[in-house]
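# Fold and geometry: a report
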Amino acid sequence: MFWNKKKKNDDGEVADTQKMGMLQRLAMRKLEKMDPKEREILMQKALSPENIAENKDKILATMEQMKASGQMTDEQIRLAKEKLGL
């Protein structure tokens with residue numbers, strides 16, 4: 001049906017909104033509508049070393065949850081940890 005259409009994100013990947021919660025979908029829509037410069041500034045704030053260090057335990061717990069539910073593989077987790085410096 002028309003409401004099950006999957007949108008492609010900037011990377012060309014399909015964003016499956018069916019697996020997201022309501023607030024996640026709202027946040028995703030807001031990010032999609034945002035000016036690219038604003039989005040970049042927001043991502044820089046979210047991925048700042050201070051913010052990552054402050055929320056390290058939450059990030060790692062979320063990664064383990066995603067691994068247990070099958071959303072991420074060991075390789076993806078390893079790459080994410082490298083990129084985030086964990």
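The structure we're discussing is the one just above.
Note that this is a predicted model, so its numbers are computed, not measured.

### Some words on the side chain of Ser-48
Here Ser-48 lies in the loop between helix H2 (36-46) and helix H3 (49-54). Among the polar contacts listed, one links the side chain of Ser-48 to the backbone oxygen of Lys-45, at a separation of 3.2 Å.

### Comments concerning the pattern of salt bridges
A full pass over the atoms with the stated rule returns 3 salt bridges. Measuring nitrogen to oxygen at the nearest pair gives 2.9 Å for the salt bridge that ties Asp-74 to Lys-67. In this structure Lys-67 comes out as partly exposed when scored by relative accessible area, which is 38%. Two residues, Glu-75 and Arg-78, come together in a salt bridge whose shortest N-O distance is 2.4 Å. Taken together, the residues span about one helical turn, with Glu-75 and Arg-78 both in helix H5 (residues 74-84) at a distance of 3 residues. A relative accessible area of 41% means that Glu-75 is categorised as partly exposed. Several salt bridges share partner residues, and in doing so they unite Glu-75, Arg-78 and Glu-82 into one network.

### Quick look at a nonpolar patch on the surface
Residues Met-22, Leu-23 and Leu-26 make up a contiguous nonpolar surface patch of roughly 350 Å² in combined accessible area. Position of Leu-26 relative to the elements: it lies in helix H1 (residues 22-33). On the accessibility criterion, Leu-26 (45% relative accessible area) is partly exposed.

Definitions and limits used
Residues numbered from 1 in each chain as written. Predicted model: local features only at pLDDT ≥ 70, side-chain atom pairs only at ≥ 80, totals over all residues. Heavy atoms only, no water. Helix = DSSP H or I, 4+ residues; strand = E, 2+ residues; numbered from the N terminus. Polar contact = N/O pair within 3.5 Å; in protein donor to acceptor, adjacent residues only side chain to side chain. Salt bridge = Lys/Arg side-chain N within 4 Å of Asp/Glu carboxyl O. Buried < 20%, exposed > 50% of the residue type's maximum accessible area, 1.4 Å probe, protein only. Patch = residues over 30% accessible without salt bridge, like charges linked within 9 Å, V, L, I, M, F, W, Y side chains within 5 Å. Areas by Shrake-Rupley, 256 points an atom, 1.4 Å probe, with all protein chains shown as cover.

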